[in-house]
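Notes for the structure review
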Amino acid sequence: KAMAFFPEKINGKYAALLTINTDLPPSKIAIAYFEKKSDIWSKEYWDKWLANLEDHLIFLPRLNSDHLEVGAVPFKTLDGWVLIYSHIQNYLKPSLRIFGVEAVLLDLENPEKIVGRTTKPIFIPERDYELRGIVNNVVFPTGAVVVNDEFLIYYGAADKVGAFISLKLMSFLSLLK
């Protein structure tokens, strides 16, 4: 379900980050490399990949009760690849769930390696349009872009509206180190 391709090849291969078990927790974020584009649709490729799933995981949950989902296409910085993702605390206890947006910095040459990450959510539902809607108390990232010295995160709120937040790029990157 949630999958994002790197905007350029990694070590000569196509690469994607994807969420495993999105609707059957606990979810995990993993990486897949493809020699050729046709591998993306190959049942044989995915059967082999799934048989070795543990080799492809990027470990991001803080607790076993957390739920993760890829949110935006990774973007390249001098320090590494930035991935914006949903990090839902207490997912298995609906009354205690906290939907948050977090970020991880992955190594440029070996994106399975975590270089840095946020220590807490960048933001959680706080505004009325994030708190009330089709699904209350929900924010989930859908895109990210750098414009000059601004970092914009586009997100869905309460399954009803789209919004964005703007951060100073250098301040944001300092959160990851």
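Residues numbered from 1 in each chain as written. Predicted model: local features only at pLDDT ≥ 70, side-chain atom pairs only at ≥ 80, totals over all residues. Heavy atoms only, no water.

This brings us to unusual backbone geometry. Look at Asn137: it is not a glycine, yet its phi comes out positive at around 60 degrees. Mapped onto the elements of the fold, Asn137 is located in the loop between α2 (128-131) and β10 (139-147). For Asn137, a relative accessible area of 40% corresponds to the partly exposed category. Of note in the backbone geometry, Asp159 takes a positive phi value of approximately 50 degrees without being a glycine. Along the chain, the position of Asp159 falls in the loop between β11 (150-157) and β12 (161-168). Take Asp159: its relative accessible area is 39%, and that puts it in the partly exposed class. (Helix = DSSP H or I, 4+ residues; strand = E, 2+ residues; numbered from the N terminus. Buried < 20%, exposed > 50% of the residue type's maximum accessible area, 1.4 Å probe, protein only.)

On the basis of which strands lie adjacent, the open sheet formed by three strands has the order β10-β11-β12 and antiparallel pairing. In this open sheet, the two strands that pair with only one neighbour each are β10 and β12. Across this sheet, the average inter-strand angle for adjacent strands is 25 degrees, counted without regard to direction. (Pairing = 2+ DSSP bridges. Axes fitted to C-alpha atoms, helices over the stretch in contact; angles between N-to-C directions.)

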